[in-house]
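So the chains spell out like this:
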Amino acid sequence: MVDFVAPDYDVAIIGGGPGGSATASYLSRAGIKCIVLEKEKFPRPHVGESLVPSTTVVFRELGFLHKMEEAGFVHKHGAAWTTETSPSAYGVTFEGVAQASAVDLRFAEREQAGVFQEYTYHVDRAKFDKLLLEHAEELGATVVQEAAVNHIDFDHARYVEVGYKHQGTDRKLTARMVVDASGRRTFLGRRLGLKVNDPVFDQYALHTWFEGLDRGSSDKSEFIYIHFLPVTNTWVWQIPITETVTSIGVVTQKANFAKASGDRDAFFWENLKTRPDLYENLRKAKQLRPLTAEGDYSYGMKQICGDRYVLVGDAARFVDPIFSSGVSIALSSARLASLDIVKAVEQNRFDRSCFRDFETTMRRGCANWYNFISMYYRLNVLFTYFVANPKYRLDVLRLLQGDVYDEEEPPVLSKMRELVTQVEGNPNHVWHNLLGSLTADAAKPTF
């Protein structure tokens, strides 16, 4: 009889982005033997450059917060939204509050549990991701870059076999369980037939960096700006990367791009022309990179954990990034998954029920993000009423801070849905033509 040989690692992590790195850091701090297999060589560029305050909880717990400061990332104190003047909406108020062409929020307006600073960060993802992966390695995780996972076998009773290619050689290892943090590659989701494309959101983004963009001289110049365009479900992000470099992205429905000629640059600039103030300002700046396209936008999984596996970050769920939710969800899911994984390793039990707390909490949080974004698109420029209204302002801010995991549905989302339903039901309503193309029913959780 052959004695059982212990697996090479307790946990194998596929992907070294924020979700994978944070998971590895949490597990390593708990004394768990883990390995990160990252397909690319860091640093590498990546979209998703603006964080939310809840991420600082993870940075503090991992002893990483001081590295964020030492790296000199731009401090993000708040968020702002601008709209093109819409005369048909003016002269009408919602609960006594008139629509504004520009609104903003400061994170300092609301205290947040576990967050002890009034700002979060804008980041160069190439630099940020590299620092976070190196931090996991410093804490004790084994990190292998340029290691493309191509095989996984759950047929063994006591371990998972993972195959990967590294430096031209096929290799394999064994682990008690696996964490998929492969991002939008969704390695396990595709392999196990779990992935479901979102039936509502079908967004498409074109983005690049500009040098020397005039962001103004106010104390809000380093906020993230969301600029509405007068095109259905279309908006522009403006994110400060350094003192002189700004990330700009145009997000629209994929169908809008499909109707165009296929010329990315022409499409990008034609959309910006609908906001002449933005267009002229950007034309004066220097474009630093070719446009990068992001498609295959929103999707979910039939399940985000199972026997001997857990999915975190974009490998589990990706929702339209209008509220900088991507990195926040990745880090929060790493934090929550690690709590269950540590218990699983201690008990040497890795069935799906061991990860129930993680799955329940993440499902609830992602549903709230999804509903918030759905309502936002349907409300379109009417969203500014909720930001400007003192009755709802802090509730909106709570969501933007990343506090989305503790309750089934925040009351402000119910109020947004109520308003949308009223306007949808009255074609003669002064706001009816301002609604986005989604419907209130679209906000129902899909996955």
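Values in this document were obtained by computation on a predicted structure and should not be read as measured data. The numbers attached to residues start from 1 for each chain and follow its sequence in the written order. The predicted nature of this model means local features are confined to residues of pLDDT at least 70 and side-chain atom pairs, given and counted, to a pLDDT of 80 or more, with totals for whole chains, interfaces and linings taken over all residues. Only hydrogens and water are set aside; all other atoms, that is, all heavy atoms of the structure, feed into the side-chain values.

## Observations regarding the side chain of threonine 252
Considering the arrangement of structural elements, one finds threonine 252 in strand β17 (residues 245–253). Any pair of N or O atoms that falls within 3.5 Å is considered a polar contact. Within protein, one atom must be able to donate a hydrogen and the other to accept it, and sequence-neighbouring residues count only if both atoms are side-chain atoms. There is a polar contact of 2.9 Å between the side chain of threonine 252 and the side chain of threonine 234. Helix and strand definitions here come from DSSP, where helices need a minimum of 4 consecutive H or I residues and strands a minimum of 2 consecutive E residues; each element is numbered from the N-terminal end.

## Describing the packing of helix α9 (residues 325–347) against helix α10 (residues 356–379)
Only C-alpha atoms enter the line fits that serve as axes; for helices the fit covers just the stretch in contact. Angles between N-to-C directions range over 0 to 180 degrees. Across the interface, α9 lies against α10 with an axial gap of 8 Å and an inter-helix angle of 165°. The pairing of α9 with α10 is recorded here as roughly antiparallel in orientation. The way α9 lies across α10 gives a crossing that is right-handed. Between α9 and α10, the contacting residues are Ser325, Ile329, Ser332, Ser333, Leu336, Ala337 and Asp340 on the first element and Arg356, Asp357, Phe358, Thr361, Met362, Cys366 and Trp369 on the second. Classification convention: Asp, Glu, Lys, Arg as charged; Ala, Val, Leu, Ile, Met, Phe, Trp, Tyr, Cys, Pro as nonpolar; all other residues, Gly among them, as polar. Residues belonging to the contact of α9 with α10 are distributed by class as follows: 7 nonpolar, 4 polar and 3 charged. Orientation categories follow fixed angle ranges, with anything under 35 degrees roughly parallel, anything over 145 roughly antiparallel, 65 to 115 roughly perpendicular, and all other angles oblique. By the definition used in this description, the sense in which the near helix is turned from the far one sets the handedness, with an anticlockwise turn below a right angle giving left-handed and a clockwise turn giving right-handed. Throughout, a contact is declared for two residues whenever any of their heavy atoms are within 4.5 Å.

## Focus: the pattern of salt bridges
Take a side-chain nitrogen of Lys or Arg and a carboxyl oxygen of Asp or Glu: if they are within 4 Å of each other, that pair is a salt bridge. For the coordinates displayed, the defined rule picks out 21 salt bridges. Among the salt bridges present, the one from arginine 335 reaches glutamate 61, with a minimum N-O distance of 2.8 Å. One end of the pair, arginine 335, is in helix α9; the other, glutamate 61, is in helix α2 (residues 55–61), with 274 residues separating them in the sequence. Only protein chains enter the calculation, and the probe is 1.4 Å; a residue is then buried if its accessible area is under 20% of its type maximum, exposed if over 50%, and partly exposed in between. Given a relative accessible area of 26%, glutamate 61 falls into the partly exposed group. When the shortest N-O distance is used, the salt bridge between glutamate 359 and arginine 352 registers 3.0 Å. Looking at glutamate 359, the relative accessible area reads 13%, which means it is buried.

## A short note on the state of the cysteines
The criterion for a disulfide is a pair of cysteine sulfur atoms lying within 2.5 Å. Here the structure, examined in full by the defined rule, presents 0 disulfides. The thiol sulfur of cysteine 34 is not disulfide-bonded, and the nearest other cysteine sulfur, from cysteine 354, lies at 18 Å. Counting only cysteine sulfurs, cysteine 305 is the nearest neighbor of cysteine 366, a cysteine outside any disulfide, at a range of 13 Å. For cysteine 366, a relative accessible area of 8% gives the class buried.

## Brief notes about the side chain of glutamine 112
Mapped onto the fold, glutamine 112 is located in the loop between β7 (102–106) and β8 (120–122). With a relative accessible area of 8%, glutamine 112 lands in the buried category. Those residues in contact with glutamine 112 that sit more than four places away from it in its chain are Pro53, Ser54, Gln401 and Asp403.

## Observations concerning the pairing of strand β10 (residues 147–153)
Only strands joined by at least two bridges in the DSSP assignment are considered to pair. As defined by bridge partners, β10 adjoins strand β11 (residues 160–166) across 6 bridges and the pair is classed as antiparallel. Paired with alanine 147 across the strands is histidine 166, a residue of β11.

## A look at the packing of aromatic side chains
What counts as a ring pair is set by centres within 6.5 Å for rings of Phe, Tyr and Trp (its six-membered ring), and what kind of pair is set by the plane angle: stacked under 30 degrees, edge-to-face over 60, tilted for all other angles. Applying the stated criterion to the full structure yields 13 aromatic pairs. Ring geometry for tyrosine 299 and phenylalanine 318: centres 6.2 Å apart, planes at 25°, overall stacked. Of this pair, tyrosine 299 sits in strand β20 (residues 299–301) while phenylalanine 318 sits in the loop between β22 (309–311) and α9; the two residues are 19 residues apart in sequence, bridging distant segments of the chain. Phenylalanine 318 shares its class with tyrosine 299; the two are buried. Three or more aromatic residues joined by ring pairs form one cluster here, namely Phe59, Phe64, Phe73 and Phe128. Its guanidinium or amino end placed over the ring of tyrosine 9, lysine 33 lies 5.2 Å from that ring's centre, counting from NZ or CZ. Look at NZ for Lys and CZ for Arg. If either is within 6 Å of the ring centre and within 35 degrees of the ring normal, a charge sits over the ring. Over the aromatic face of phenylalanine 73 sits the side chain of lysine 127, whose NZ or CZ is 5.4 Å from the ring centroid.

## Some remarks on helix α4 (residues 125–138)
Helix span is expected to be 1.5 Å times the residue number reduced by one. Compared with an ideal rise of 1.5 Å per residue, which puts 14 residues at 20 Å, α4 spans 19 Å between its outermost C-alpha atoms and is within 8% of the ideal. Elements in contact with the buried residues of α4: α1 (18–29), β2 (34–38), α2, α3 (65–70), β9 (142–145) and α9. At the N-terminal boundary of α4, the capping side chain belongs to aspartate 124, with an oxygen 3.0 Å from the backbone nitrogen of alanine 126. Immediately beyond the C-terminal end of α4, within one or two residues, lies glycine 140, with a positive phi of roughly 125°.

## A short note on the environment of threonine 242
With respect to the secondary-structure elements, threonine 242 resides in the loop between β16 (235–240) and β17. Each C-alpha atom, one on threonine 242 and one on phenylalanine 73, is 7.3 Å from the other, the two residues being 169 residues apart in sequence. The residues contacting threonine 242, other than those within four sequence positions of it, are Val74 and Arg215. In terms of polar contacts, threonine 242 uses its side chain to reach the backbone amide nitrogen of valine 245, at 3.0 Å.

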